[in-house]
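Geometric and topological summary
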Amino acid sequence: MLNLSTELARRQRENLYRHRRTLDSTTGTRALINGQEHLAFCSNDYLGLANHPAVVAAMQQGASRWGVGSGASHLVSGHSSAHHALEEELADFLGRPRTLLFSTGYMANLGTIAALCKRGDSLFEDRLNHASLLDAARLCQARMQRYAHNSVTALATRLAASTSDTRLVVSDAVFSMDGDLAALPQLAQCASQHDAWLMVDDAHGLGVLGRQGRGTLDHYGLDHDQCPILMGTLGKAFGTFGAFVAGSETLIEYLIQHARTYIYTTALPPAVAEATRTSLKLLQAEEWRRQKLQTLIKRFRQGATQLGLTLMDSTTPIQPLLIGNSAKAVAMSEALLQQDILIGAIRPPTVPDGTARLRITFSANHTEQQIDQLLNALEAVA
Ligand SMILES: *Cc1c(COP(=O)(O)O)cnc(C)c1O
């Protein structure tokens, strides 16, 4: 029998124990904890839209019109014209025939992969893919092969050796704990050469990269044929909640029939869909948010290099500092908290053993002066 206390004690000993910090208020860049205000660098609200007055107002009006809950799953009576409009607007934005809303990104990944792959099929995943993509492999029972991070050669070898009828290659577009980009043009070419589907999870690229924030595929100039299955989340740069899959008419109809995490769960609150429609408009119109992020990223990377800190190969708002040892990463996160700076220590199993890190993220609402404050604090604790 699994001994829960022993297991918890082991986590403590190995500095892998997780604690939740309770925030009494937050604006994305600031967090109130135990009466003390902190400058926060750990939210995925990259564009600063989660607290935008227009997005908040859209949610309030949405709740007045629709109520708080959707009341049912999409296929029963939970699919509102607010959801439907959002699906159409997302499809327009991305230049894809259709999109399908899911209640979370985790469920979008589980449901889509399990609908497409079955026992006997083959799934090829980057070693650093998000946990939801890896869990999807267990759920669908396909043969999963993990290839070395961003190694298209390793992928090609595995694809060439595969005899499965259905082959699905899946990758994060921006790796969530490293901030680097997948080599999507090469992955797309490799998948097509070996007659495999390519699915890309653009949780961290949408809103941030590409023309008007159309994401990593747009950044690379890749079209629908080169990457037929695109998944995006709404809880990050969109600042709201939920997720979607974008693709062909046939793919979306197939998912409506077969994706169990779509069928057997309550639809997003329509008010969240209304808020997301507003945030989609802002995200496209306000180019300054993306420009501001680039300014902050550049300033941070220059400063951190001068301090001799170990940056990772990232051009995105995810700018982790590699620490290595979990105890040290936790100690640094605690020391930063003493300086009123909130940054999480990311440890195994979220990242590979020996690669604990401070996952620093930026928002368009941060100021250059706050970046300097962060650099000063890092200098003091390093
Ligand atoms: C956050 C994230 C998800 C999960 O999305 P949720 O909407 O938070 O469930 C999936 N994939 C990646 C790469 C993510 O970063």
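Note that this is a predicted model, so its numbers are computed, not measured.

Helix 12 (residues 270–285) packs onto helix 2 (residues 53–66) with a crossing angle of 150° between their chain directions and a minimal axis gap of 7 Å. By the angle between their axes, helix 2 is roughly antiparallel relative to helix 12. Helix 2 and helix 12 meet at a crossing whose hand is right-handed. Residue-level contacts link A54, V55, A58, M59, G62, A63, R65 and W66 of helix 2 to P270, A271, V272, E274, A275, T278, S279 and L282 of helix 12. Here the contact of helix 2 with helix 12 is composed, by residue class, of eleven nonpolar, three polar and two charged.

Judged by which residues are buried, strand 2 (residues 30–33) turns out to be one-sided: A31 and I33 face inward and are buried, whereas R30 and L32, on the alternate face, are not. Pairing of strand 1 (residues 25–26) with strand 2 involves two bridges; the strand directions are antiparallel. In the sheet register, T26 faces strand 2, and the bridge partner there is A31. Where strand 1 folds back on strand 2, the antiparallel hairpin that results is connected by three residues, among which G28 adopts a positive phi of roughly 90°. As paired strands, strand 2 and strand 3 (residues 36–40) are joined by four bridges and run antiparallel to one another. From the neighbouring strand, A31 faces strand 3, where its bridge partner is H38. The hairpin formed by strand 2 and strand 3 contains two residues between the paired strands, and N34 there has a positive phi angle of roughly 50°.

What follows concerns the side chain of H38. Looking at the secondary structure, you find H38 in strand 3. Judged by relative accessible area, H38 falls into the buried class, the value being 5%. One polar contact links the side chain of H38 to the main-chain carbonyl oxygen of Q36, over a distance of 3.1 Å. Dropping the residues within four chain positions of it, H38 is found in contact with T29, R30, A31, I33, L337, D340, I341 and L342.

Around the ligand there are 14 residues in total, and G105, Y106, D201, H204 and K236 lie nearest to it. At 2.9 Å, a backbone N or O of Y106 approaches an oxygen atom of the ligand. Here the ligand loses 82% of its free accessible area of 380 Å² to cover by the protein chains. With three residues, the top contributor of residues to the shell around the ligand is helix 5 (residues 105–116).

If you walk through the whole model with that rule in mind, you get three aromatic pairs. Relative to Y262, the ring of F102 has its centre 5.5 Å away and its plane inclined at 65°; by these criteria the two rings are edge-to-face. Taken as a pair, F102 in strand 4 (residues 98–102) and Y262 in helix 11 (residues 260–263) lie far apart in primary sequence, 160 residues in all. Exposure class is identical for F102 and Y262. Each is buried. Seen from their ring centres, F300 and F362 are 5.2 Å apart, and the 65° between their planes marks the pair as edge-to-face. Separated by 62 residues along the polypeptide, F300 in helix 13 (residues 287–306) and F362 in the loop between strand 14 (356–358) and helix 15 (368–381) bring together distant segments of the chain. The class of F362 is buried, set by a relative accessible area of 0%.

In this section: the domain arrangement of the protein. Domain annotation of the protein identifies domain 1 (17–47 + 287–381) and domain 2 (53–285). Here the C-alpha centre of domain 2 lies 26 Å away from the C-alpha centre of domain 1. Contacts between the two partners involve 21 residues from domain 1, matched on the other side by 21 residues from domain 2. Buried surface at the junction of domain 1 and domain 2, summed over both partners, amounts to about 1600 Å²; 59% is from carbon and sulfur atoms. Residue R357 pairs with D178 through a salt bridge whose shortest N-O separation is 2.9 Å. The interface formed by domain 1 and domain 2 contains nine residue pairs in polar contact (both at pLDDT 80 or more). The leading source of residues in the side of domain 1 that touches domain 2 is helix 13, at three residues. Looking at the side of domain 1 that touches domain 2 residue by residue, the classes come out as ten nonpolar, five polar and six charged.

Before going further, it helps to examine the pairing of strand 10 (residues 243–247). Most of strand 10 sits out of view: five of its five residues are buried. Along strand 10, one buried face is formed by A243, V245 and G247 and the opposite face, lined by F244 and A246, is buried too. Examined bridge by bridge, strand 4 and strand 10 share five bridges and lie antiparallel to one another. Within the sheet, the bridge partner assigned to R98 lies in strand 10 and is G247. Across four bridges, strand 9 (residues 229–233) lies against strand 10 in antiparallel orientation. Following the sheet pairing, M231 is matched in strand 10 by V245.

Here is what the cut-offs are and how they apply
- Residues numbered from 1 in each chain as written.
- Predicted model: local features only at pLDDT ≥ 70, side-chain atom pairs only at ≥ 80, totals over all residues.
- Heavy atoms only, no water.
- Axes fitted to C-alpha atoms, helices over the stretch in contact; angles between N-to-C directions.
- Helix = DSSP H or I, 4+ residues; strand = E, 2+ residues; numbered from the N terminus.
- Parallel < 35°, antiparallel > 145°, perpendicular 65-115°, else oblique.
- Left-handed = near helix turned anticlockwise from the far one by under 90°.
- Contact = heavy atoms within 4.5 Å.
- Nonpolar A, V, L, I, M, F, W, Y, C, P; charged D, E, K, R; others polar.
- Buried < 20%, exposed > 50% of the residue type's maximum accessible area, 1.4 Å probe, protein only.
- Pairing = 2+ DSSP bridges.
- Polar contact = N/O pair within 3.5 Å; in protein donor to acceptor, adjacent residues only side chain to side chain.
- Near = heavy atom within 4 Å.
- Areas by Shrake-Rupley, 256 points an atom, 1.4 Å probe, with all protein chains shown as cover.
- Phe/Tyr/Trp six-rings, centres within 6.5 Å; stacked < 30°, edge-to-face > 60°.
- Domains from an automatic or database assignment.
- Buried area = accessible area lost by both parts, 1.4 Å probe.
- Salt bridge = Lys/Arg side-chain N within 4 Å of Asp/Glu carboxyl O.

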